[in-house]
Amino acid sequence: MNKIEAKNVDVYYGAKQALFDINMDIEANKVTALIGPSGCGKSTFLRCLNRMNDVIDICKVSGVVKINDYDINQKDTDVVRLREKVGMIFQKPNPFPKTIYENISYGPEIHGIAQSKSEMDNIVEESLRKAALWEEVKDRIHEPGTGLSGGQQQRLCIARTISIKPEVILMDEPCSALDPIATAQIEELIDELRKEHTIIIVTHSMSQAARVSQNTGFFHLGKLIEVGSTDKIFKNPTQQQTQDYITGRFG
Amino acid sequence: MGSLFSILVCLSIAFPVALLAAVYLEEFAPKNRFTDFIEVNINNLAAVPSIVFGLLGLGVLLAVFGLPRSTPLVGGITLSLMTLPTIIIAARASLKAVPPSIREAALAMGASRMQTTMHHTVPLALPGTLSGTIIGLAQALGETAPLILIGMVAFVNTIPGTPMDPAASLPVQIYIWAESAERGFVEKVSACIMVLLFFLIFMNLGAQLIRHKFEKKWN
């Protein structure tokens, strides 16, 4: 089943075109990796999926992006509801300068998910457990989230995102600021999260794409060159460019 | 008392207006010629000599609105016009200093722009805004010229009960007394200056404490 369908997506930053006619389907409950050299439009495409490009004044998006068969690029799309369904993890961990508890309770609070204090406590604990962070922080959830290590902060951000149970989680190079051990933890977590969420991850590391994803899309200079199952892309790509990139001949 | 009332009036007008203006300009307003124009004007206003604001107070508040002369209310409003640009500039600078990643985090959580601004950006920018406000108020507290123009020069020896009563303010008192050649006024002026200085130190100290408290909470 296709969770997300992108059709003829073009993105412009001012006069410069960043994405050219992207057509891509993303399957539910799988991890889809987007790979490609820097500046090829992977992150831009990712940001089209929850309309984070709206924040950038000069950015113009055209084309159709359907999530659950609903076109999110319509004028009257409620971006608040959209982003509730499509969460996002950023390259640099960006916890709010508040306590760990408040970091996670913020989402349920603004969306009115928890009715009572005990329900909120449950959500916070459950989210932290799912993000494999509970054991490490359970004694200090009322201390600032910014006091955690980088890997913990990123898992806190993941916990924050899953606290409102999004259907899709977008990850923009979530491990690029982390050491190998923290990276391994996050990768393990991604595999776990796939049961309940559809995950799209932008990564610079091809080995990471091979490890965590079921499907892979290869971007180059704003075009989607090839997309398919990770196995096929890495072992038997149809395009010469993909072959060259995967084998490290460029990029 | 005259100074105190003026400053209170000034604070209660200038701070909210300046904060809202800064938030609008920084977070919501589109970047175009019109907002550029406003920005230039704000920077200009910050550099306008205070006596011009005094004239404005005289012309508009006293002549047009018919507010009572020599009252801290009029003084406060005039001073708030003067401090407004200073606070706006400080508030905008500290709003700018809030990392965009925090805004993105809140937006990605499905917070609306209003929620993002009110829950995250403004609280984070508040310490910086407060320090800007202090600078503005301290400047206003020591301001003499505009107050002379709106008539806060008369020697009033009663303590005002409300901001609507006539009152003298400290810097104006110093100005008048310093001109008097009679004996004993040197001491009076010195005393007055010391009171003003204490007032300023006290204010800055208090504000510094508030700032520290906020900064601890947010970092």
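Note that this is a predicted model, so its numbers are computed, not measured. (Residues numbered from 1 in each chain as written. Chains lettered and ligands numbered in written order. Predicted model: local features only at pLDDT ≥ 70, side-chain atom pairs only at ≥ 80, totals over all residues. Heavy atoms only, no water.)

S.K.: What is the right way to look at the overall build of chain A in this model?
M.R.: For chain A, the count of helices and strands is 10 helices and 10 strands. For 251 residues, the compact-globule estimate of 2.2 N^0.38 gives 18 Å, and the C-alpha radius of gyration of chain A, at 18 Å, lies within 12% of that figure. With the C-alpha coordinates of chain A rotated into their principal frame, the extents come out at 55 × 45 × 35 Å. Pairs at least 24 residues apart make up 67% of the contacts formed inside chain A by residues separated by at least 6 positions. (Helix = DSSP H or I, 4+ residues; strand = E, 2+ residues; numbered from the N terminus. Rg over C-alpha atoms; globule rule 2.2 N^0.38 Å. Contact = heavy atoms within 4.5 Å.)

S.K.: Before we go on, may I ask you to explain the sheet that holds strand β3 (residues 31-35) of chain A in this structure?
M.R.: For sheets, the rule is that strands pair by backbone hydrogen bonds, running either parallel or antiparallel. Residue and element names in this part refer to chain A. What the six strands build is an open sheet, ordered β6-β7-β8-β3-β9-β10; its pairing is mixed. Strands at the two margins of the open sheet, each flanked by one partner only, are β6 (86-89) and β10 (223-229). The sheet shows a mean angle of 15° between the axes of neighbouring strands, taken without regard to direction. The pairing of β6 with strand β7 (residues 168-172) spans four bridges and is classified as parallel. The partner of Ile-89 across the bridge, within β7, is Met-171. Sheet strands touched by helix α6 (residues 150-162): β6 and β7. Its angle to β6, the strand with the most contacts, is close to 175°. (Pairing = 2+ DSSP bridges. Axes fitted to C-alpha atoms, helices over the stretch in contact; angles between N-to-C directions.)

S.K.: Explanation requested: the pattern of salt bridges in the structure shown.
M.R.: All names here are of chain A. A full pass over the atoms with the stated rule returns 22 salt bridges over all chains. Arg-51 is the salt-bridge partner of Asp-54, the closest N and O atoms lying 3.0 Å from each other. Residue classification places Asp-54 among the partly exposed residues on the basis of a relative accessible area of 40%. Here Glu-126 and Lys-165 are joined by a salt bridge, their closest N and O atoms 3.9 Å apart. Of this pair, Glu-126 sits in helix α4 (residues 117-130) while Lys-165 sits in the loop between α6 and β7, and the two are 39 residues apart along the sequence. Bridged by salt links that share partners, the residues Glu-125, Arg-129, Glu-135 and Lys-138 form one connected network. (Salt bridge = Lys/Arg side-chain N within 4 Å of Asp/Glu carboxyl O. Buried < 20%, exposed > 50% of the residue type's maximum accessible area, 1.4 Å probe, protein only.)

S.K.: Would you mind going over the confidence of the model for chain A with me for this structure?
M.R.: Regions with low pLDDT should not have their predicted coordinates read in detail. For chain A, the mean per-residue pLDDT works out to 88, and 99% of the residues sit at or above 70. When the elements of chain A are averaged for pLDDT, strand β5 (residues 70-71) of chain A gives the smallest value, 84, and strand β8 (residues 198-202) of chain A the largest, 92. (pLDDT = per-residue confidence, 0-100.)

S.K.: Can you help me understand helix α2 (residues 33-47) of chain B in this one?
M.R.: For an α-helix, 3.6 residues make a turn, and residues three or four places apart therefore share a direction. Here α2 of chain B spans 22 Å end to end across 15 residues, near enough to the 21 Å set by a 1.5 Å rise per residue. Measuring from the backbone nitrogen of Phe-34 of chain B back to the side-chain oxygen at the start of α2 of chain B gives 3.1 Å, which picks out Asn-32 of chain B as the cap. (Expected span 1.5 Å × (residues − 1). Polar contact = N/O pair within 3.5 Å; in protein donor to acceptor, adjacent residues only side chain to side chain.)

S.K.: How should the interface of chain A and chain B be read in this particular structure?
M.R.: Accessible area lost upon the coming together of the parts is a frequently used measure of interface size. Taken together, the contact pairs 25 residues of chain A with 19 residues of chain B. Of the roughly 1,700 Å² buried at the junction of chain A and chain B (both faces included), carbon and sulfur atoms supply 65%. Between chain A and chain B we count one salt bridge in total. A salt bridge links Arg-47 of chain A to Glu-104 of chain B; the nearest nitrogen and oxygen atoms lie 3.0 Å apart. Going through the elements one at a time, α2 (79-85), β6, α3 (100-110) and α6 of chain A are the ones with two or more residues in the side of chain A that touches chain B. Considering only residue class, the side of chain A that touches chain B consists of 12 nonpolar, seven polar and six charged. (Buried area = accessible area lost by both parts, 1.4 Å probe. Nonpolar A, V, L, I, M, F, W, Y, C, P; charged D, E, K, R; others polar.)

S.K.: Any chance you could explain the nonpolar core here in plain terms?
M.R.: Here is a general trend for soluble globular proteins: nonpolar side chains tend to be buried in one another's company. Counting 40 residues, the largest nonpolar core has Leu-128, Ile-158, Met-171 and Leu-193 of chain A as its most contacted members. It is helix α7 (residues 180-193) of chain A that provides the largest number of residues to this core, a total of five residues. Look past the residues within four positions of Ile-158 of chain A in its chain and what remains in contact with it is Ile-89, Ala-131, Met-171, Ile-186, Leu-189 and Leu-193 of chain A. Ranked by size, the runner-up nonpolar core spans 31 residues in total, among them Ile-4, Leu-34 and Cys-59 of chain A together with Leu-107 of chain B. (Core = buried A, V, L, I, M, F, W, Y, C linked by side-chain atoms within 4.5 Å.)

S.K.: Help me out: how do you make sense of the packing of aromatic side chains in this one?
M.R.: For any pair of aromatic rings, geometry is given as the distance between the ring centres together with the angle between the planes. Residues and elements named next belong to chain A. In the structure shown here, the tally under the stated rule is three aromatic pairs over all chains. When the ring centre of Phe-96 is taken as reference, the NZ or CZ atom of Arg-160 above it lies at 4.5 Å. The ring of Phe-20 has Lys-223 sitting right over it, with the charged end atom 4.9 Å from the ring centre. (Phe/Tyr/Trp six-rings, centres within 6.5 Å; stacked < 30°, edge-to-face > 60°. Lys NZ or Arg CZ within 6 Å of the ring centre and 35° of its normal.)

S.K.: What is the right way to look at the pairing of strand β4 (residues 59-67) of chain A in this model?
M.R.: Side-chain direction in a regular strand flips from residue to residue, so the side chains alternate between the two faces of the sheet. All names here are of chain A. Inspection of the sheet shows strand β1 (residues 2-13) paired to β4 by eight bridges, in the antiparallel sense. Directly across from Asp-10, in β4, lies its bridge partner Ser-62. Pairing of β4 with β5, which is carried by two bridges, proceeds in the antiparallel orientation. Looking across to β5, one finds that Ile-67 is bridged to Tyr-70.

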